[in-house]
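# Structural features, examined
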Amino acid sequence: MVTETRSPEETYALGEKIGKAAQPGQIYTLTGDLGVGKTVFTQGVAAGLGITEPVSSPTFTIVQVYEEGRLPFYHFDVYRIGDIEEMEEIGYDDYFFGNGICLIEWAELIEEILPDNVISITIEKDLTQGFDYRKITVDGL
Ligand code: ADP
Ligand code: MG
């Protein structure tokens, strides 16, 4: 499924829709360059799950846990991971194979431990379409 958005609000709204429909145990991967809108999208997903506390990128921790929504929400940012062992150390499988929702930014860095049935989301710019244009591809829904 491809969705084109032309404002942060539209990207947020798509995230919100996906958050509302999310089922226990689903894992979403989020791919895209810096500044493309991964955090905006993630904030929408969190809102869709009923989370009201502010969501930002977990810069200094690999995973940020939000418990207040309809389902537990595990927001990963593995950008700074040095070794896959760091994922073992945080006990990632409890999150991946639990009943909450995982959303993983920079998941391509931990490909080897990702289950097969993830839903992958890619956000891309296309400057020929304008500065605020984003093409968002959702695969596996
Ligand atoms: P990332 O987390 O991928 O590094 P952010 O979500 O933090 O990116 O930032 C995206 C930036 O792009 C924000 O400043 C946002 O206002 C801007 N922006 C402009 N158009 C869009 C759009 N269509 N979708 C999402 N963000 C957009
Ligand atoms: Mg971000």
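Up top is the structure these notes are about.
Quick look at the structure, then. Everything quoted here is computed from the prediction, not taken from an experiment. (Residues numbered from 1 in each chain as written. Chains lettered and ligands numbered in written order. Predicted model: local features only at pLDDT ≥ 70, side-chain atom pairs only at ≥ 80, totals over all residues. Heavy atoms only, no water.)

Considering the arrangement of structural elements, one finds D139 in strand β7 (residues 134–139). When its relative accessible area of 43% is taken as the criterion, D139 is described as partly exposed. Measuring from C-alpha to C-alpha, the distance between D139 and V118 comes to 8.6 Å, with 21 residues separating the pair along the chain. In contact with D139, not counting residues within four places along its chain, are V118, I119 and S120. (Helix = DSSP H or I, 4+ residues; strand = E, 2+ residues; numbered from the N terminus. Buried < 20%, exposed > 50% of the residue type's maximum accessible area, 1.4 Å probe, protein only. Contact = heavy atoms within 4.5 Å.)

Here we come to a negative patch on the surface. Negative charge collects at one region of the surface, where D83, E85, E88, E89, D93, D94, E108, E111 and E112 lie side by side. Those elements that place two or more of their residues in the negative patch are α3 (85–89) and α4 (92–96). The dominant element in the negative patch, judged by the number of residues it contributes, is α3, at three residues. Along the chain, E108 turns up in the loop between β5 (101–105) and β6 (119–125). (Patch = residues over 30% accessible without salt bridge, like charges linked within 9 Å, V, L, I, M, F, W, Y side chains within 5 Å. Areas by Shrake-Rupley, 256 points an atom, 1.4 Å probe, with all protein chains shown as cover. Salt bridge = Lys/Arg side-chain N within 4 Å of Asp/Glu carboxyl O. Lys, Arg positive; Asp, Glu negative; His and termini not counted. Charge placed at Lys NZ, Arg CZ, Asp CG, Glu CD.)

Another aspect to go through is the nonpolar core. One finds Y28, F41, L49, F73 and I121 to be the most contacted residues of the largest nonpolar core, which totals 22 residues. At the level of elements, α1 (8–21), β2 (27–31), α2 (38–48), β5, β6 and β7 are the ones that each hand at least two residues to this core. Membership of the second largest hydrophobic core comes to 19 residues, among which are I81, C102, I104 and V118. (Core = buried A, V, L, I, M, F, W, Y, C linked by side-chain atoms within 4.5 Å.)

Okay, the packing of aromatic side chains next. Enumeration over the complete set of coordinates arrives at seven aromatic pairs. Judged by centre distance (4.9 Å) and plane angle (75°), the ring pair of Y92 and F96 falls under edge-to-face. On the criterion of helical spacing, the pair formed by Y92 and F96 is a turn pair, its members being four residues apart in helix α4. Taken as a pair, Y92 and F96 share a single burial class, namely buried. Grouping aromatic residues by their ring pairs yields a cluster made of Y74, F76, Y92, Y95, F96 and F97. (Phe/Tyr/Trp six-rings, centres within 6.5 Å; stacked < 30°, edge-to-face > 60°.)

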